[in-house]
Structures are given as C-alpha cells and as structure tokens.
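In case you want the letters, here they are:
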Amino acid sequence: MTCVLVLASLLWWLWSCNTPRTILTPLSGLAPADRVPDIGFPEDMLRTWAQYAPYIPAGKYVLPPPVCSISQLQRHGSRWPTTNSGAEMKSAVHKLQRAKHYKEDYLTFLKTFEWDLKVNDLLPLGAKQSYEAGVVAFERYAHIVTKDNLSFIRAASSPRVVDSATNWSAGFTVASHNKIKAKVDLILPESGNITLDDTMCPNAGDGDAESKKWLDVFAPSITKRLNSAAPGAKLHDKDTHKLMSLCAFHSQITMEPSPFCGLFTAEEFKGYEYYADVNKFYHTGYGGYLGRVQGVGYVNELLARLTGKPVRDHTQTNRTLDASPETFPLDRVLYVDFSHDNEIVAIYSALGLFRQQTRMHRPLPLPFGTFVRVLVNDVVQPLEFCGGIAGLCELHVFVASQRYARHDGMAFRVNLWWFELYWIQL
C-alpha cells in the first residue's frame, strides 16, 4: 500500500464571529479551493501578507500513486485579529486619526473610518474555503473512503479550529451526496498534552527579539513617511507593522482592497513578509532552540499511523488518548488534523522539510512497495532527507530518516546550528 502524507499549511478560516457557530450548507457558485481568492489583489501581493494571507496553492496538485492512505494536516482559516494584536492595530489607527491634518490623499479615509473589528473568531472567507477544502478532499480521495472505512478527524480546541474542521467535514459529506458522514471525531484541549498546538513549552522563545532586529531595518523609513504625512500621529515602528497587518485583515473582512493597503508600497510589503519569516524561524522553526522539538510528538503520531504500530513518544503526546483505538485508531485510510500555524512550522521542521532548495528530477519509480509522499500547499516536496525520487520515499527509509523525532528531539543539535547559520547567510 502506498502511504501518502499531505501536509498543508492552509490559511483557510471559518465563519463564527460573535454569533452562534455557523456551519455551511451547500453553496452555489463555489470557486475551486485551489484557486487564488478574488480580493482585488494579484497573487504576488497576497503572498507578502505572510501568515495572514488567505490560502494560496503553491503549485498544481499531482495525483498520488494508486491505493493510498492519507494523513492531512491543515491550519484553521482566515480569522479576525487576536485580542492583543487587534488592540495594537486599533491603537495605531487612533494615532493616525488624532493627526492635526493629512498631507496625503491616501490618509483622508481615516476621517470617517470607524473601528468595528472583532477578535479571534473566523471570517466568512474562511468558512467558504474550509467547506470547499472538504469538497476537494472528497474529490481527490473518494476512491479510498467508504462507509466501512471512514476518515478520522481531530482538531485543537480553539473555536476557530473546531469550526474549520466542522465546515471541512460538512463539505466532504455534501460532496459525497451524504453517503459518507464525515464528522469531527476528537477535540484536543489546548490546556493539556497536545500535538496540534505549541502551548506546552513555556521556555521556548517567541522569535520577537530576532524579528525586532529586522523591524528596526525595514520599518523606520516607512514610519517617518507616515508621520510626515500625518503630523501629530507619533507612530512607532511597531505601529507601522500593525497597520500593515491591518491591510491583510481588513481586506479579507470586506473582500476588497482595504484603504489601509494604500499606505504602503509593494516593496515595503516584502519587508513585512520577511519579518514574519524571521519570527516563525526563531519561534517554532529551525532557528529556535526549542522550536522544532515542539513538532516531535505529531511526527511520532504520524509514524505510528504509517507503520500501524503504537505511538512511541516522550514529548507532548497525550498518552491516554494515543493508546486507545477509539481516540487514536491506526486502521483508517484518511486522517485529517486541524491545527495552528506555529505548530505546523514546528512539525515541518521536525520532519526535516525546507532545509534547502534542492529538487530531484528522476524517473518515477513503480511503487510496488510502500512509499511516502509529502505535499505542502499542493506542491510535492523532494524529501531529500530520505533519498526521495520524484517526491517518493520508501516507508522504511522515511521512518529511519525521522531520527530527530524518534529520539524525542534530543539529536542533531549541531546540524540545527549549522542550518541556522546557513539560513542567515541567505
């Protein structure tokens, strides 16, 4: 049997707001979930919004070899700002609004702008794309899911994550014409041992110090320009960063270009994107001393699914849940997990993904044995760490390559530091 791992850091977000949870029913005119959402910006601009961008496929989906099992990891979808971040954005807007006057026309909308943004919950765009993602999953994997071999779906307990999983399940069910009743099988509390969130390591860094160094490079000239255009605003560089984030949030709320986007150039957003790259790298990525270890538990769960053997892990897994076939079955053909972006970065790093840009173009082997394939946003990964050929690794070689996770994140620290230096040089 060919085993296929699908890891998708999908920025798909869901409708909830401050009203009762909304679970979508069949929609008319659904756009394909592998298409760039129409918000009025070109794709290259949306990509500079970093983790706040809507889901954008990185390549064209390639069908896996026949007879597969799937393990899919997906982020919740587009949301309102978090409580703290939203307060900081609101403060930055009020600073601009208290300016004595505006010297540039691109600021005049602030005279009538009223802050009405909510926090934490998910947006209509996310509800739509989460639903569509379930539809697409059924279209891709309908041949392996049956009434007798259903999917197993888990979600971290944040409402936006649970709602995303619920809407995905609804899309999958409706696409099957209600023949397959997909549902969220398990919600993992984020207050305890969990492999779908990064809440278990209080001594881990947050990447803020390192990203602040880059903020000091790219933001001052922007802040100076805005303060000159709005005398009396007295913006700081952190305010500038929050206003750039507001461009992404407000555009997805209104589904059209936000006037806040007009405060900045496309080149300035490249600096904004790199700020997020640095922050993630030093938070739960390779650059964090305790970054990638936070993905070890999930990788060990993945290895258990691939091999059909019990989970072996001494990090953040919930051993009670993982020991039960009711809460961690090993006999399904489709596993779907819903998580957060920080945890997904840790999982990528623990797996060994994105160390370098090497691409291998060799003939596709005929998969008589058991193989592993990894997709991230529909792009097949080269899997150079396990000798991948056209994106396929033999299962036993892939399992052997995961020494870092199988040793509970205790090995290869020298390689981690080497990679950090290499990444900085780029």
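To start, this report covers the structure provided alongside it.

Rules and cut-offs
- Residues numbered from 1 in each chain as written.
- Predicted model: local features only at pLDDT ≥ 70, side-chain atom pairs only at ≥ 80, totals over all residues.
- Heavy atoms only, no water.
- Helix = DSSP H or I, 4+ residues; strand = E, 2+ residues; numbered from the N terminus.
- Buried < 20%, exposed > 50% of the residue type's maximum accessible area, 1.4 Å probe, protein only.
- Contact = heavy atoms within 4.5 Å.
- Areas by Shrake-Rupley, 256 points an atom, 1.4 Å probe, with all protein chains shown as cover.
- Phe/Tyr/Trp six-rings, centres within 6.5 Å; stacked < 30°, edge-to-face > 60°.
- Lys NZ or Arg CZ within 6 Å of the ring centre and 35° of its normal.
- Salt bridge = Lys/Arg side-chain N within 4 Å of Asp/Glu carboxyl O.
- Axes fitted to C-alpha atoms, helices over the stretch in contact; angles between N-to-C directions.
- Parallel < 35°, antiparallel > 145°, perpendicular 65-115°, else oblique.
- Nonpolar A, V, L, I, M, F, W, Y, C, P; charged D, E, K, R; others polar.
- Core = buried A, V, L, I, M, F, W, Y, C linked by side-chain atoms within 4.5 Å.
- Polar contact = N/O pair within 3.5 Å; in protein donor to acceptor, adjacent residues only side chain to side chain.
- Disulfide = S-S within 2.5 Å.

So, the overall build of the chain
Point 1. Counting secondary structure elements, the chain contains 14 helices and 8 strands.
Point 2. In the chain, which comprises 426 residues, the proportion classed as buried is 57%.
Point 3. Taking the intrachain contacts of the chain between residues at least 6 apart in sequence as the baseline, contacts between residues at least 24 apart amount to 79%.
Point 4. Per element, the accessible surface of the chain, about 18800 Å² overall, is 56% carbon and sulfur.

Observations regarding unusual backbone geometry
Point 1. Positive phi is not limited to glycine here, since Met255 has a value of about 60°.
Point 2. Relative to the helices and strands, Met255 resides in the loop between helix H7 (237–254) and helix H8 (266–283).
Point 3. Phi angles above zero are rare outside glycine, and Asp378 is one such case at about 75°.
Point 4. Mapped onto the fold, Asp378 is located in the loop between strand E6 (371–376) and strand E7 (379–380).

Considerations on the packing of aromatic side chains
Point 1. A full pass over the atoms with the stated rule returns 15 aromatic pairs.
Point 2. Ring centres 5.2 Å apart and planes at 20° place the aromatic pair Trp168 and Phe172 in the stacked group. Here the residue Trp168 and the residue Phe172 both occupy positions in helix H4 (residues 159–175), the gap between them amounting to 4 residues, near one helical turn.
Point 3. According to the relative accessible area criterion, Trp168 is buried, its value standing at 0%.
Point 4. For Phe172, a relative accessible area of 0% gives the class buried.
Point 5. One aromatic cluster in this structure is built from Phe138, Trp168, Phe172 and Phe338.
Point 6. Its guanidinium or amino end placed over the ring of Tyr61, Arg140 lies 3.6 Å from that ring's centre, counting from NZ or CZ.

Points about the pattern of salt bridges
Point 1. Following the criterion strictly, the structure yields 16 salt bridges and no others.
Point 2. Between Glu132 and Lys128 there is a salt bridge whose closest N-O contact spans 2.8 Å. Separated by 4 residues within a single helix, Glu132 and Lys128 lie in helix H3 (residues 124–141), roughly one turn from each other.
Point 3. Residue classification places Glu132 among the buried positions, given a relative accessible area of 4%.
Point 4. The exposure class of Lys128 is partly exposed, given its relative accessible area of 30%.

Concerning the packing of helix H5 (residues 208–218) against helix H6 (residues 220–229)
Point 1. Viewed as axis vectors pointing N to C, H5 and H6 meet at an angle of 50°, and their least axial separation amounts to 5 Å. The angle between the axes of H5 and H6 places the two elements in the oblique class. Here Leu215, Asp216, Val217 and Phe218 of H5 come into contact with H6, specifically with Pro220, Ser221 and Ile222.
Point 2. Residue composition of the contact of H5 with H6, grouped by class: 5 nonpolar, 1 polar and 1 charged.

Overview of the environment of Val397
Point 1. Inspection of the secondary structure puts Val397 in helix H12 (residues 395–401).
Point 2. The exposure class assigned to Val397 is partly exposed, which follows from its relative accessible area of 27%.
Point 3. For the pair formed by Val397 and Val372, sequence separation is 25 residues and the distance between their alpha carbons is 9.3 Å.

Considering the nonpolar core
Point 1. Grouped together as the largest cluster of nonpolar side chains are 60 residues, with contacts concentrated most on Trp168, Phe172, Leu334, Phe338 and Phe398.
Point 2. Per-element accounting of this core gives the leading share, 7 residues, to H4.
Point 3. Phe41, Leu110, Leu125 and Phe264 belong to the second-largest nonpolar core, a separate cluster that totals 45 residues.

Side note on the environment of Arg312
Point 1. For Arg312, the position within the fold is in the loop between helix H9 (296–307) and helix H10 (319–322).
Point 2. Under the relative-accessibility criterion, Arg312 is labelled partly exposed at 46%.
Point 3. Sequence-distant contacts of Arg312, defined by excluding residues within four places in its chain, comprise Asn300, Arg406 and Asp408.
Point 4. Here Arg406 takes part through its backbone oxygen, which lies 2.6 Å from a polar atom of the side chain of Arg312.

Examining the state of the cysteines
Point 1. Applying the stated criterion across every chain yields a total of 2 disulfides.
Point 2. Disulfide pairing places Cys247 opposite Cys261 at an S-S distance of 2.0 Å. When the S-S torsion is 95°, as for the bridge of Cys247 with Cys261, the disulfide is right-handed. Of this pair, Cys247 sits in helix H7 while Cys261 sits in the loop between H7 and H8, placing them 14 residues apart in sequence. Cys261 shares its class with Cys247; the two are buried.
Point 3. If the cysteines joined by disulfides in the chain are listed in sequence order, their pairing comes out as 1-2, 3-4.

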